[in-house]
Amino acid sequence: MPPVPSESGAAPASPDPSPPPGDDRAFFGQPRGLLTLSGLEVWERFSFLGMQAILVLYFADTAGNGGLGLSEGSAASVSAAYGTMVYLVSVAGGWLADRILGSYRAVLWGGVLIALGHYAMSVPSAATTWTGLGLISAGTGLLKPNVATMVGKLYSTRDERRDAGFALYYMGINIGAFLGPLITAWLGDHEGWHWGFSAAAVGMTLGLLQYVLGRGHLAGRKARAEYELPPPAMRRAVLLIVVGLVVVAALAVGLALAGWLTLDRFVDALTLISVLAPVAYFAVMFRSPRVSAEERGRLRPYIVLFLASVFFNFILFQAYTTMILLASTNARTEILGFHFPAGWYTSALGAFEVALAPVVAAAWTRMGTRQPHASNKIALGVVLGGLSFLLMVLPTSGHSGDDYLMGAWWIVGSYLLLGLGDILLETSGLSASSKLAPRAFASQTMALWFLSLAMANGIQAQTVKLYETVSHPAYFGLNGAIAVAAGLAVLAAAPWLRRTMHPVH
């Protein structure tokens, strides 16, 4: 289980060394370091989402075609469990950066582990596949929560360019999300799945190279951990981590050899942890003497937003599992005579987010104080996520068998709704999280948000097992209806949320 948030804090390390003065407006009026960090995220998302675009197809493909031969339900479940593990480890990655490694080294070593994991997956064997997924999970857990922290260090708290800088940073994320599946899915479809994984490995390597070469433009590159543990506590923590990893690995191997730890049981264990971990986090915060009564009052609406994130991301993450399986078997992969791999559908999600994010931002700016409350934006995002699944009921209904083909625009339209919902929910959710979190736990805001993503994947890992046992209209219709109902419930609670979420607007 991810570490429960600690309330004991070490003294902050000495101030970070500053980048060269000429860097301040060298990148479209933004600090030069933003280019380095955005470039890293382009390649990290290229490799991560490029691999995810073909992972479930690789799991479900026959051994004769280079796949693992899992059933569709099992393939989707294992893919979701992998996502669960990534976001659970991300909680530990934030703590390691804060207390032991520092952000720069955490991101560096995280990137190295990700690259090694993709290289392992490029070797055609089941053993290297599982080893690679473990390395990528650990690496992403170190890298993902700490890159955003480094972006924040480029600006003072009062720098008006901060929001625009993060907007450029998130655009880089979506550029990688768009480009990755185009390359990996094409290679997987035409040359073999492991060629697609190799492209992901090369992409992460390029990201690491530009990160190291651009390190002189990053704040904090030579600093120790911001809240570094005292030497005795550091040695004790490192020893406990090493011993713990060895014990867990030995126990897992022993249980697997004994036939008790099967793939299904491992998935079930991850689901259980993904549900219990946030319960433990919230319990610690509610009971903490360092949380004031006023802050405790703001935690209650945050639980609502946390659950809204779970409902939405439960749908979003299926863009890389059940939706890809549906696209590969029941959607046309041809437009105007041009044939494309099923994995390319996931690129539409990144493309929509790149195109729509500036439009949404401009709309909020134009509306000014008349724009919807943050809770309403989040609720609308959840509703759109549910509608993206309800839309799929139409083309999957009225068929006597499973050999039908729907038009490509049904999948693209579903991803359009999903992409818009993601923009509304993620931007408002992260902003609200940072403002609602108690002061004593402010540094762990991202950890809480990652736990909502872990829970969404953990629940998905169980639900997707039904994908091949119920009809497609029933599967997408029920899941979509639940998400819409959850979004409408948040909208109904809007008066209470506006009152209790102050100062969030």
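Counting from 1, residues in each chain are numbered in the order their sequence is written. Local features in this predicted model are restricted to residues of pLDDT 70 or higher, and side-chain atom pairs are both shown and tallied only at a pLDDT of 80 or more, whereas totals for entire chains, interfaces and linings draw on every residue. Side-chain metrics rest on all non-hydrogen atoms present in the structure, leaving aside hydrogens and water.

### Structural notes on the overall build of the protein
Heads up, the rule is: Strands are runs of DSSP state E lasting at least 2 residues, helices are runs of H or I lasting at least 4, and numbering of each runs from the N terminus. Relative accessibility thresholds used throughout: buried, under 20% of the residue-type maximum; exposed, over 50%; partly exposed, between the two (1.4 Å probe, protein chains only). Throughout, a residue-residue contact means that at least one pair of heavy atoms, one from each residue, lies within 4.5 Å. Under the convention used here, a 1.4 Å probe and the Shrake-Rupley method define accessible areas, while residue burial counts only the protein chains that appear.
If you tally the helices and strands in the protein, you get 17 helices and two strands. When burial is assessed residue by residue, the protein has 51% of its 505 residues classed as buried. The contacts in the protein between residues at least 6 apart in sequence include a share of 83% that link residues at least 24 apart. On the protein, roughly 21600 Å² of surface is accessible, and the fraction owed to carbon and sulfur atoms is 67%.

### Here we look at helix α10 (residues 322-330)
Burial analysis of α10 places seven of its nine residues in the buried class, which makes it a mostly covered element. Taken together, the buried positions of α10 are Thr 322, Met 323, Ile 324, Leu 325, Leu 326, Ala 327 and Asn 330.

### Regarding the packing of aromatic side chains
Definition in use: Note on aromatic pairs: the rings of Phe, Tyr and Trp (six-membered ring only in Trp) are paired at centre separations within 6.5 Å, and the planes decide the class, stacked below 30 degrees, edge-to-face beyond 60, tilted for the rest.
By the definition in use, this model includes 18 aromatic pairs. Ring centres of Tyr 58 and Phe 197 lie 5.3 Å apart, and the angle between their planes is 85 degrees; this geometry places the pair in the edge-to-face category. Taken together, the residues span a long stretch of sequence, with Tyr 58 in helix α1 (residues 32-60) and Phe 197 in helix α6 (residues 193-213) at a distance of 139 residues. Exposure class is identical for Tyr 58 and Phe 197. Each is buried. Centroid distance Phe 59 to Trp 130: 5.6 Å. Interplanar angle 25 degrees. Geometry classified as stacked.

### Concerning the packing of helix α9 (residues 293-316) against helix α12 (residues 374-390)
Let me state the cut-off plainly: Note on method: axes are straight lines fitted to C-alpha atoms, helices fitted across the in-contact stretch only, with angles between N-to-C directions ranging 0 to 180 degrees. To sort the angles, those under 35 degrees are grouped as roughly parallel, those over 145 as roughly antiparallel, those from 65 to 115 as roughly perpendicular, and the leftovers as oblique. For a crossing to be left-handed, the near helix must be turned anticlockwise from the far one by less than a right angle; the clockwise case is right-handed. Three classes are used: nonpolar for Ala, Val, Leu, Ile, Met, Phe, Trp, Tyr, Cys and Pro, charged for Asp, Glu, Lys and Arg, and polar for all others, with Gly counted as polar.
At a closest axis distance of 9 Å, the pairing of α9 and α12 adopts a crossing angle of 25 degrees. As far as their axial angle goes, α12 and α9 are roughly parallel. Crossing of α9 against α12: the hand is left-handed. Counted together, Leu 305, Ala 308, Phe 311, Phe 312 and Ile 315 of α9 and Ser 375, Ile 378, Gly 381, Val 382, Gly 385, Ser 388 and Phe 389 of α12 form the full contact between these two elements. Partitioning the contact of α9 with α12 into residue classes produces eight nonpolar, four polar and no charged.

### As for the environment of Ala 319
For Ala 319, the location among the structural elements is in the loop between α9 and α10. Not counting chain neighbours up to four residues away, the residues in contact with Ala 319 comprise Ile 324, Thr 346, Leu 349, Tyr 415 and Leu 418.

### Some thoughts on the environment of Pro 301
Note on placement: Pro 301 falls in helix α9. We classify Pro 301 as buried; its relative accessible area is 0%. Taking the C-alpha atoms as reference points, Pro 301 and Ser 375, 74 residues apart in sequence, are found 9.2 Å from one another. Beyond its immediate stretch of four places on either side in the chain, Pro 301 contacts Trp 496, Leu 497, Thr 500 and Met 501.

### Here's the deal with the pattern of salt bridges
Filter applied, for reference: Here a salt bridge means any side-chain nitrogen of Lys or Arg lying within 4 Å of a carboxyl oxygen belonging to Asp or Glu.
Tallying each qualifying case throughout the model produces four salt bridges. Across the pair Arg 45 and Glu 44 runs a salt bridge, and its minimum N-O distance is 2.7 Å. In terms of burial, Arg 45 and Glu 44 fall into one category: buried. One salt bridge connects Lys 465 with Asp 268, and the closest N-O pair in it is separated by 3.2 Å. One end of the pair, Lys 465, is in the loop between α15 (445-463) and α16 (472-492); the other, Asp 268, is in helix α8 (residues 263-287), and 197 residues separate them in sequence. In this structure Lys 465 comes out as partly exposed when scored by relative accessible area, which is 28%. Residue Asp 268 is classed as partly exposed on the basis of its relative accessible area, which comes to 34%.

### Overview of the packing of α8 against α9
Across the interface, α8 lies against α9 with an axial gap of 11 Å and an inter-helix angle of 165 degrees. Relative to α9, the element α8 is oriented roughly antiparallel. In this structure, the crossing between α8 and α9 has a hand that is right-handed. Note on element contacts: α9 touches α8 through Arg 296, Leu 299, Arg 300, Tyr 302, Ile 303 and Phe 306, opposite Pro 278, Phe 282, Met 285 and Phe 286.

### What about the nonpolar core?
Our working definition: Here, nonpolar core refers to any group of buried Ala, Val, Leu, Ile, Met, Phe, Trp, Tyr and Cys residues whose side-chain atoms link them within 4.5 Å.
Among the nonpolar cores identified, the biggest contains 94 residues, and Met 51, Leu 55, Tyr 345, Ile 411 and Tyr 415 are the most heavily contacted of them. Discounting chain neighbours no more than four positions away, the residues touching Tyr 415 are Ala 319, Met 323, Ile 324, Tyr 345, Thr 346, Ala 348, Leu 349 and Phe 352. Core analysis: the next-biggest nonpolar cluster, separate from the first, contains 22 residues, Leu 40, Ile 114, Ala 115 and Tyr 155 among them.

### Structural notes on the side chain of Ser 90
To be explicit about the condition: The term polar contact refers here to a pair of N or O atoms within 3.5 Å; inside protein, the definition further demands a hydrogen-donor-capable atom paired with an acceptor-capable atom, and it admits residues adjacent in sequence only when both atoms are side-chain atoms.
Considering the arrangement of structural elements, one finds Ser 90 in helix α2 (residues 72-101). Of the residues examined, Ser 90 reaches a relative accessible area of 2% and is grouped as buried. Here Val 86 takes part through its backbone oxygen, which lies 2.9 Å from a polar atom of the side chain of Ser 90.

### Describing the confidence of the model for the protein
Which entries qualify depends on this criterion: In predicted models, pLDDT denotes the confidence assigned by the predictor to each residue on a 0 to 100 scale.
Here the protein shows a mean pLDDT of 84. Residues at 70 or above account for 89%. Mean pLDDT values for the elements of the protein range from 80 in strand β1 (residues 334-335) up to 95 in α16.

### As for the side chain of Gln 52
Note on placement: Gln 52 falls in helix α1. Apart from the residues within four sequence positions on either side, Gln 52 is in contact with Tyr 82 and Tyr 320.

### Comments concerning helix α4 (residues 126-153)
Keep this limit in mind: A helix is expected to span 1.5 Å multiplied by its residue count minus one. Two axes enter the definition of the bend at a residue: one is fitted to the seven residues ending there, the other to the seven starting there, and the bend is the angle between them.
The end-to-end C-alpha distance of α4, which contains 28 residues, comes to 41 Å, matching closely the 40 Å that a straight helix rising 1.5 Å per residue would cover. Of all the bends in α4, the largest measures some 30 degrees and sits at Asn 146.

### Description of a nonpolar patch on the surface
Put simply, the rule is: Patch criteria: residues need more than 30% relative accessible area and no salt bridge. Like-charged residues are merged within 9 Å; nonpolar side chains of Val, Leu, Ile, Met, Phe, Trp and Tyr are merged within 5 Å.
A surface patch of nonpolar side chains, about 500 Å² in accessible area, is lined by Tyr 119, Val 202, Leu 206, Leu 209 and Leu 213. In terms of residue count, the dominant contributor to the nonpolar patch is α6 (four residues). With respect to the helices and strands, Val 202 occurs in helix α6. The partly exposed category is assigned to Val 202, whose relative accessible area is 45%.

### Focus: the environment of Tyr 467
On the secondary structure map, Tyr 467 appears in the loop between α15 and α16. In sequence terms Tyr 467 and Thr 322 are 145 residues apart; their C-alpha atoms lie 7.2 Å from each other. Look past the residues within four positions of Tyr 467 in its chain and what remains in contact with it is Glu 72, Thr 322, Leu 325, Leu 326, His 472, Tyr 475 and Phe 476. Here the side chain of Tyr 467 touches His 472 through a polar contact of 3.4 Å, side chain to side chain.

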